[in-house]
Amino acid sequence: MIRSLYLFLSTTLALLATAPDAWSEPTPPARQTPLPATMPVDTAAFLMALRQDTQTLARLSPRSDPAFDFVPAGREGERAGDGYNHVGDIHLRLRVGGGAWQDYASARHRQAIIPLPTRAGEVAAADISASLGAGLPIRVERHWAMVDGAPALRFVLVNTGTLPVEIGALGLPMVFDNIIADRDLQQAHAQASFADPYIGRDAGYVQVTRLNGAGPALLVVPERGTPLEAYVPLAEAAKAPAGTAFTEKSRRSQVSEGFYDWTIASKALAEREWAGAGTPWNAPTSFTLAPGARRQVGLRFALSPSIRAIEDTLVQQGRPVAVGIPGYVVPTDQVATLFLNSHSAVASITASPKGALVARRDGSGPGKQGKPWARYRVTAHGWGQARLTIAYVDGQKQTVSYFITKPLPQVMADLGHFSTTAQWFEPASDPFHRNPAILTYDREANHVVTQDARVWIAGMSDEGGAGSWVAAIAKQLDNPNRVEVAKLERLVDETVLGHLQVDSGPQAGGVRKSLFYYDPAALPEAYDPKIDWHTWASWSKAQAQDLGRSYNYPHVAIGHWVLYRLARNQAGLVTRHDWRFYLDWAWRTSMAMVREAPEYAQFGQMEGDVFLDILADLRHEGMTDKADAMEAAMRARADHWKSLAYPFGSEMAWDSTGQAEVYAWMRHFGHDRQAEETREVILGYDPTIPSWGYNGNARRYWDFLYGGKVARIERQIHHYGSALNAVPLFDAYRRDPADLHLLRVAYGGLMGGITNIDQQGFGSAAFHSWPDMMRWDAYSGDYGMGFYGHAIAAATYLVHDDRLGWLGFGGAVTPGQRSIAIVPQDGARRRLFIAPAGLWITLEAGRIARARYDLASGKVQLTLDPAGPNEPQARLVLTTTTATGRRYAADRGTAERGATALALGTGPTVLTLTPR
């Protein structure tokens with residue numbers, strides 16, 4: 001029953017998740033054609049084949065796993081014809097003598113290639129000029145070669161005319177098997193891959209990782225003169241504007257992200273398609289071929305034994321490698337660190353905008369392969385996107401993309417203020433009972449969204465409508481503001497309870513899909529006639545009031561749980577009800593999810609970590625009967641997940657939202673093997689890359705359809721999945737502090753989720769990564785789900801790495817011979833991990849001012865801030881997270897509800913934590 005239901009849901013939603021104008025009209029499957037003949041190529045690392053007719057790549061399997069293929073060879077029957085791109089195709093936009101730009105694409109209308117004699121090291125060569133179309137003023141040769149046993153793809157462009165030819169766009173299609181259509185989750189995880197770009201010019205690369213997170217991973221790296229200047233999506237042919245040549249017939253949808261060009265030159269694209277877009281990752285360029293001149297570009301394909309070994313493999317390949325600590329998001333009150341490993345010395349480092357970033361050399365340490373890691377201190381000024389360009393002596397240039405923010409306490413304050421003022425909705429009356437409310441905000445129009453054809457966006461529920469009020473209330477967890485809390489108490493008391501949530505009767509605790517709905521018969525004057533109300537997304541009142549979508553329940557549970565924590569741990573801040581009221585409603589909401597929404601509750605929920613916190617608090621409060629009932633309900637879900645190879649289903653065919661809750665319950669119930677498998681799956685779609693946008697960016701490419709203003713299939717940057725997927729990776733790192741990769745990915749996601757917040761406090765659903773936009777979506781949408789992840793995970797980490805030395809993630813580190821000091825600078829200052837001790841320090845009340853770790857004894861001197869207006873005491877929890885770590889105890893305080901309570905004074909409180 002469960003399996004058949006999942007297949008029905010995933011198939012249905014896969015058909016719906018295309019674009020707003022095609023939600024109810026799926027595209028028929030591609031026509032099958034006879035499989036073309038192929039030519040096997042012998043390589044040391046790969047089982048490789050080229051098509052005999054086109055010499056494009058037809059197979060690229062690692063020898064260690066011959067059944068797996070990085071390219072979609074299994075779909076060659078539907079992708080063999082004209083209009084389907086393959087690795088080995090090319091796109092060109094050029095002009096002769098300053099004339100008009102002309103486009104040429106080798107896959108558009110294929111013609112017979114002219115085989116060329118192969119040179120030493122080559123396995124195939126051809127003149128492919130005819131396939132690019134009539135009137136091409138240059139000759140284009142393609143050469144497949146072997147370099148140290150690894151395949152290389154090279155193109156030679158020759159100007160055969162008498163006039164100079166400017167190449168304004170040059171792209172090489174990166175076609176890897178990211179197609180999930182017609183695969184169940186087990187097949188998808190075993191057979192499909194995701195590609196992530198480092199758009200870093202000469203140091204750029206594309207990493208192709210398997211959905212199951214297992215190695216090997218594929219790396220596409222540039223040969224000289226082949227910078228990754230831009231990563232350009234190939235337009236879906238059926239929807240492309242007339243005259244667009246760089247297209248792909250394969251359909252984009254929730255089950256297929258689509259393919260991209262490794263773009264070497266992009267000036268002509270910037271002038272036309274990208275006019276009016278935000279700042280690109282790199283400055284667009286072109287190059288000119290004089291009469292008789294030639295230019296060679298090329299890519300190599302290498303295997304990394306694992307995802308964690310990607311950077312080491314890049315070093316082995318002679319590529320410049322950058323490692324940012326704690327990442328590439330820099331608050332102006334913090335100092336970041338950039339480590340560089342290159343075979344050529346650094347000649348200069350410059351910033352764009354000028355002065356936005358300053359990088360100064362700060363010593364070096366030993367690196368792998370005998371190469372030093374040069375260390376730079378990076379300080380930031382201003383706000384927004386910035387770029388470092390590292391010029392090397394050998395002429396190569398590497399770019400690293402950063403995002404500059406305000407100090408994190410100010411970012412938190414901005415979000416809280418904006419969401420509870422600009423987004424506050426309290427009309428004299430509202431027929432949909434959204435009074436008071438915090439609604440989705442349109443940053444372009446600068447007002448709340450009271451109507452949208454996707455009714456949930458204006459309905460305070462589902463992710464696209466609940467995001468804003470969830471962000472507002474999650475902000476209060478560690479950064480409460482009395483005025484904001486008072487408003488949120490009203491929102492929960494007057495709008496959530498009794499309207500969004502059933503407050504009495506046998507369905508008490510149930511959560512509706514939307515307060516807003518479309519009912520023109522009952523409310524004829526309520527709806528904007530300019531909006532198209534005729535899609536499936538314009539739910540009727542009965543549809544909107546349905547209680548069967550489990551994903552709505554964590555949002556409401558968070559609201560109750562945060563108010564419980566504030567009422568219990570802050571003096572006089574919550575006034576409408578006592579802590580028991582809110583904890584009881586958090587429990588009721590959790591139980592109602594399983595009761596009222598069992599079909600979807602079988603899946604992991606975004607923000608599902610809140611259920612573990614509710615359960616823990618029930619235990620601490622002695623509410624044993626309720627805790628037992630909740631744990632039994634959650635165990636049934638976990639037992640189901642334990643029985644599945646890949647228990648990461650959702651209403652979508654593939655998703656990245658359920659893994660965090662699956663991981664959490666697997667750990668809770670002692671299913672460590674399944675938790676570790678979940679961790680690796682997360683690493684399969686969540687990379688560490690030298691760019692604020694892609695570092696820790698958990699994959700998502702369809703939710704602009706459901707929560708964005710610009711609704712299209714597009715790789716989203718720092719959608720809510722980034723911060724939510726960071727939560728299990730942090731937990732995994734605290735269990736294994738030797739695995740720095742986990743912490744780097746997690747911190748990238750944690751801080752990536754802060755870049756959504758603009759200078760006034762508006763939080764965008766996500767950033768549009770395609771180069772024709774390169775800006776934040778104007779809707780707040782589902783951003784709040786990610787901010788909840790940031791709120792519960794914000795912490796400082798003190799780390800020692802054998803390669804890089806002492807490091808601070810979220811805090812300033814001062815190393816000494818006998819002890820190491822750290823000053824937390826994260827947005828909460830309530831959580832600190834001392835990695836060498838495996839010590840996890842958390843505060844439910846109070847704040848950490850600084851800590852000092854004694855290297856010899858392992859003691860920690862912890863200094864807390866003075867008492868605050870609502871925090872007369874601190875509540876301290878000490879947890880040893882590693883198998884070999886010693887238990888710690890504080891030298892003062894009283895045991896209370898699973899924590900140590902101690903009074904705070906008018907000055908700092910200093911206590912000693914001693915290992916036993």
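Basis of the calculations
- Residues numbered from 1 in each chain as written.
- Predicted model: local features only at pLDDT ≥ 70, side-chain atom pairs only at ≥ 80, totals over all residues.
- Heavy atoms only, no water.
- Helix = DSSP H or I, 4+ residues; strand = E, 2+ residues; numbered from the N terminus.
- Buried < 20%, exposed > 50% of the residue type's maximum accessible area, 1.4 Å probe, protein only.
- Contact = heavy atoms within 4.5 Å.
- Areas by Shrake-Rupley, 256 points an atom, 1.4 Å probe, with all protein chains shown as cover.
- Lys, Arg positive; Asp, Glu negative; His and termini not counted.
- Charge placed at Lys NZ, Arg CZ, Asp CG, Glu CD.
- Pairing = 2+ DSSP bridges.
- Axes fitted to C-alpha atoms, helices over the stretch in contact; angles between N-to-C directions.
- Parallel < 35°, antiparallel > 145°, perpendicular 65-115°, else oblique.
- Left-handed = near helix turned anticlockwise from the far one by under 90°.
- Nonpolar A, V, L, I, M, F, W, Y, C, P; charged D, E, K, R; others polar.
- Expected span 1.5 Å × (residues − 1).
- Polar contact = N/O pair within 3.5 Å; in protein donor to acceptor, adjacent residues only side chain to side chain.
- Salt bridge = Lys/Arg side-chain N within 4 Å of Asp/Glu carboxyl O.
- Phe/Tyr/Trp six-rings, centres within 6.5 Å; stacked < 30°, edge-to-face > 60°.
- Lys NZ or Arg CZ within 6 Å of the ring centre and 35° of its normal.

K.L.:
For the overall build of the chain, give the residues involved together with the corresponding values.
P.N.:
Tallying secondary structure elements over the chain gives 20 helices and 47 strands in all. Counting only C-alpha atoms, the chain reaches 85 × 75 × 50 Å along its principal axes. A total of 916 residues make up the chain; the buried ones form 64% of that total. Put simply, of all contacts in the chain between residues at least 6 apart along the chain, 68% involve residues at least 24 apart. Accessible surface, the chain as shown: approximately 31200 Å² in total, 51% of it carbon and sulfur. On the chain, the mean spot of the 90 positive side-chain charges and the mean spot of the 92 negative ones are 5 Å from each other.

K.L.:
Could you give an account of unusual backbone geometry, naming the residues involved and the relevant values?
P.N.:
Excluding glycine, residues mostly carry a negative phi; peptide bonds, for their part, are mostly trans. Here the amide bond leading from Gly 215 into Pro 216 is cis, since omega sits at -5 degrees, within 30 degrees of zero. Inspection of the secondary structure puts Pro 216 in the loop between strand S12 (205-210) and strand S13 (217-222). At the junction of Ile 325 and Pro 326, the peptide bond is cis and its omega measures out at 0 degrees in the coordinates. Structurally, Pro 326 is set in the loop between strand S20 (321-325) and strand S21 (329-331). Residue Asp 148 is not a glycine yet carries a positive backbone phi of 55 degrees. Its location among the elements puts Asp 148 in the loop between strand S8 (138-147) and strand S9 (150-159). Among the residues examined, Asp 148 registers a relative accessible area of 80% and is labelled exposed.

K.L.:
Any details on the sheet that holds strand S42 (residues 860-864)? Residues and values, ideally.
P.N.:
Sheet strands pair by backbone hydrogen bonding; their relative direction is either parallel or antiparallel. The strand order S37-S38-S41-S42-S47-S44 describes an open sheet built from 6 strands, whose pairing is antiparallel. In the strand order of this sheet, the two ends are held by strand S37 (811-815) and strand S44 (888-890), each with one partner. For this sheet, the mean angle separating the axes of adjacent strands, direction not counted, is 20 degrees. Relative to strand S47 (residues 909-915), S42 runs antiparallel, the two being bridged by 5 bridges. Among the inter-strand pairings, Leu 862 is bridged to a residue of S47, identified as Leu 911.

K.L.:
Describe in detail the sheet that holds strand S2 (residues 46-51), supporting the description with residues and values.
P.N.:
Strand order in this open sheet of 3 strands is S1-S2-S3, and the pairing throughout is antiparallel. Among the strands making up the open sheet, the edge pair consists of strand S1 (38-42) and strand S3 (57-62). The sheet shows a mean angle of 20 degrees between the axes of neighbouring strands, taken without regard to direction. Where S1 meets S2, 5 bridges bridge the pair, whose relative direction is antiparallel.

K.L.:
Break down the packing of helix H15 (residues 659-668) against helix H16 (residues 672-685) for me, with residues and values.
P.N.:
Angle between the axes and distance between the axes: these two values describe a pair of packed helices. Between H15 and H16, whose axes approach to 8 Å, the crossing angle comes to 160 degrees. With respect to H16, the element H15 is oriented roughly antiparallel. Here the hand of the crossing between H15 and H16 comes out left-handed. Residue-level inspection shows Gln 659, Val 662, Tyr 663, Met 666 and Arg 667 of H15 in contact with H16, the latter providing Asp 672, Gln 674, Ala 675, Glu 676, Thr 678, Arg 679, Val 681, Ile 682 and Tyr 685. Per-class residue counts for the contact of H15 with H16 are 7 nonpolar, 3 polar and 4 charged.

K.L.:
Break down the pairing of strand S7 (residues 122-127) for me, with residues and values.
P.N.:
Counting buried positions along S7 yields 5 of 6 residues, so the element is predominantly enclosed. Note: strand S6 (residues 114-115) against S7, 2 bridges, orientation antiparallel. Considered in S7, the bridge of Pro 115 is made with Ala 126. In this structure, the hairpin formed by S6 and S7 is closed by a connection of 6 residues, where Gly 121 is found at a positive phi of approximately 85 degrees.

K.L.:
With reference to specific residues and values, describe the side chain of His 189.
P.N.:
Within the fold, His 189 resides in helix H3 (residues 185-191). Among residues more than four places away in sequence, those in contact with His 189 are Leu 211, Asn 212, Tyr 646, Phe 648, Trp 654 and Val 681.

K.L.:
Which residues make up the packing of helix H10 (residues 553-569) against helix H11 (residues 579-596), and what values go with them?
P.N.:
Where H10 contacts H11, the two axes come as close as 7 Å, and the packing angle between them is 160 degrees. Taken together, H10 and H11 sit at an angle that is classed as roughly antiparallel. Remark: the crossing between H10 and H11 carries left-handed chirality. Contacts between H10 and H11 involve Tyr 553, Val 556, Ala 557, His 560, Trp 561, Leu 563, Tyr 564, Ala 567 and Arg 568 on the former and, on the latter, Trp 579, Tyr 582, Leu 583, Trp 585, Ala 586, Thr 589, Ala 592, Met 593 and Glu 596. Split into classes, the residues belonging to the contact of H10 with H11 amount to 14 nonpolar, 2 polar and 2 charged.

K.L.:
Describe the pairing of S42, listing the residues and the values that go with them.
P.N.:
S42 sits mainly inside the fold: 4 of its 5 residues count as buried. One ladder, built from 5 bridges, connects strand S41 (residues 848-854) with S42; its direction is antiparallel. Across the sheet, Ala 851 pairs through a bridge with Leu 862, a residue of S42. The hairpin turn running from S41 into S42, its antiparallel successor, is 5 residues long, and Gly 858 in that turn takes a positive phi close to 80 degrees.

K.L.:
Account for helix H8 (residues 482-496), naming residues and giving values.
P.N.:
With 15 residues, H8 should cover 21 Å at 1.5 Å per step; its first-to-last C-alpha distance of 20 Å lies within 8% of that length. For H8, the full list of buried residues reads Glu 484, Val 485, Leu 488, Glu 489, Leu 491, Val 492, Thr 495 and Val 496. Packed against the buried residues of H8 are helix H6 (408-421), strand S28 (424-425), strand S29 (437-438), helix H7 (462-475), H10 and H11. Measuring from the backbone nitrogen of Val 483 back to the side-chain oxygen at the start of H8 gives 3.1 Å, which picks out Asn 481 as the cap. Gly 498 occupies a position one or two residues after H8 and carries a positive phi of about 95 degrees.

K.L.:
Give a detailed account of the pattern of salt bridges, specifying residues and quantitative values.
P.N.:
Following the criterion strictly, the structure yields 67 salt bridges and no others. A salt bridge links Lys 709 to Asp 442; the shortest N-O distance between them is 2.8 Å. Residue Lys 709 is located in the loop between helix H17 (704-707) and strand S32 (716-717), and its partner Asp 442 is located in strand S30 (residues 441-442); the two are separated by 267 residues in the primary sequence. Owing to a relative accessible area of 32%, Lys 709 belongs among the partly exposed residues under this scheme. Given a relative accessible area of 6%, Asp 442 falls into the buried group. Arg 830 is paired through a salt bridge with Glu 871; the nearest N and O atoms lie 2.9 Å apart. Here Glu 871 lies in the loop between S42 and strand S43 (873-880) and Arg 830 lies in the loop between strand S38 (819-824) and strand S39 (831-834), a separation of 41 residues in the sequence.

K.L.:
So what about the packing of aromatic side chains? Which residues, and what values?
P.N.:
In total, this model carries 45 aromatic pairs according to the counting rule given. With centroids separated by 4.6 Å and ring planes inclined at 5 degrees, the aromatic side chains of Tyr 231 and Tyr 260 adopt a geometry described as stacked. Here the residue Tyr 231 occupies a position in strand S14 (residues 230-233), and Tyr 260 occupies one in strand S17 (residues 260-265), the gap between them amounting to 29 residues. One exposure class covers both Tyr 231 and Tyr 260, and it is buried. Between the aromatic rings of Trp 281 and Tyr 694, the centroid separation amounts to 6.1 Å while the plane-to-plane angle is 55 degrees, which identifies the pairing as tilted. In this pair, Trp 281 is assigned in the loop between helix H4 (267-271) and strand S18 (287-289) and Tyr 694 in the loop between H16 and H17, connecting sequence segments 413 residues apart. No difference in accessibility class separates Trp 281 from Tyr 694, as the two residues are buried. The side chain of Arg 210 reaches across the aromatic face of Phe 68, ending 4.0 Å from its centre.

K.L.:
I'd like to hear about H15, residue by residue, with values.
P.N.:
Think of an α-helix as 3.6 residues a turn; residues three or four steps apart then line up on the same face. Along H15, 9 of the 10 residues are buried, which leaves the element largely enclosed by surrounding structure. Restricting attention to buried positions, one finds in H15 the residues Gln 659, Ala 660, Glu 661, Val 662, Tyr 663, Ala 664, Trp 665, Met 666 and Arg 667. For H15, the elements touching its buried residues are helix H13 (609-620), helix H14 (624-642), H16 and helix H18 (721-735). Directly after H15, the chain includes Gly 670, whose backbone phi takes a positive value near 80 degrees.

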